[in-house]
Amino acid sequence: MDFSYQLYSSRNFPPLDEALGRIAKAGYKQVEGFGGLYADAAGLAASVKKHGLSMPTGHFGLSQLKDTSAALKIAETLGMKMLYCPAIPKEERSQGEAKWVELGETLAQLGETFRKNGFGFGWHNHDFEFHPTESGRLPMDILLETAPNNEWEMDVAWVVRGGQDPAAWIKKYGPRINAVHVKDIAPAGTNVNEDGWADVGHGTIDWQSLQATIKAQTNVRYWVMEHDNPADDRRFAERSFAAVSAWK
């Protein structure tokens, strides 16, 4: 099983080319891009290739996705297979149910466009999708139900931070989940300087059992390591890769 690395984890440790070298040396075969890196897609593609890596998946902001011709060009240049919308602006995350339905309809239309052009498309969650709307419905359900052909990149640690059980959501939507963010949460009160996140295998999430559930009940093809705010990206990359390499 090849592991990927979300390049957002190394955004504070430039230059990117050197970060890609560290990531490859740690054992990763793939990386996942994000919107802020695509200004020079050809240069990024060359750097990724130079280090023996590939970029099968990428995050694109909603405004980037709505410029579909530009997004398609970026995806083609970088050799992507899947595009994910990772979030919406903070001021919109507590919007009413009607707005979530509207977003789901927009995502459904975008998904049709990207699929017609040979790419997969889906949503990447945070925790705000698990805060109930006024009717009690969860935005995560609304987005998946309103766009039934879109896929889901489950960020497991954000599901937990949203007060939910990842295994229950895997049981409910397993066939729709084709990627996971492999992320860990530090014990309460620790790693405050890293926003409470931990290197994978050094936190509170039982990844040993959860990864078996994911393999058995989902269609996950991409296992993407991420830490939202590591103090040392080399430490995170190396320790996390060592931990997942020991999975049975």
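See the structure above.
What you see is a predicted model; the values in this text were computed from it and never measured. (Residues numbered from 1 in each chain as written. Predicted model: local features only at pLDDT ≥ 70, side-chain atom pairs only at ≥ 80, totals over all residues. Heavy atoms only, no water.)

Participant: It is not clear to me how the side chain of Glu194 should be interpreted in this structure. Could you clarify?
Facilitator: For Glu194, the position within the fold is in the loop between strand 8 (184–185) and strand 9 (197–198). Relative accessible area serves as the criterion here: at 4%, Glu194 is assigned to the buried category. With residues near it in sequence (within four places) discarded, Glu194 still touches His227, Asn229, Pro230, Ala231, Asp232 and Arg235. (Helix = DSSP H or I, 4+ residues; strand = E, 2+ residues; numbered from the N terminus. Buried < 20%, exposed > 50% of the residue type's maximum accessible area, 1.4 Å probe, protein only. Contact = heavy atoms within 4.5 Å.)

Participant: Could you clarify how one ought to interpret helix 9 (residues 207–217) in this entry?
Facilitator: Each turn of an α-helix holds 3.6 residues, which means side chains three or four residues apart point in the same direction. Within the span of helix 9, buried status applies to Trp207, Leu210, Gln211 and Ile214. Seen from one end, helix 9 has its buried residues packed into an arc of 100°, which puts them on one side. Of the surrounding secondary structure, the elements contacted by the buried residues of helix 9 are helix 7 (156–161), helix 8 (166–173), strand 7 (177–182), strand 8 and strand 10 (222–225). (Arc of directions from axis to C-beta.)

Participant: Quick question: what am I supposed to make of the sheet that holds strand 5 (residues 120–124) here?
Facilitator: Backbone-to-backbone hydrogen bonds join strands into a sheet, with any given pair of strands oriented parallel or antiparallel. An order of 1-2-3-4-5-6-7-10 is seen for the eight strands of this closed barrel, with the pairing classed as parallel. Within this sheet the neighbouring strands show an average axis-to-axis angle of 30°, counted without direction. Examined bridge by bridge, strand 5 and strand 6 (residues 151–155) share three bridges and lie parallel to one another. Following the sheet pairing, Gly122 is matched in strand 6 by Glu151. (Pairing = 2+ DSSP bridges. Axes fitted to C-alpha atoms, helices over the stretch in contact; angles between N-to-C directions.)

Keep in mind these numbers describe shape, not what the thing actually does.
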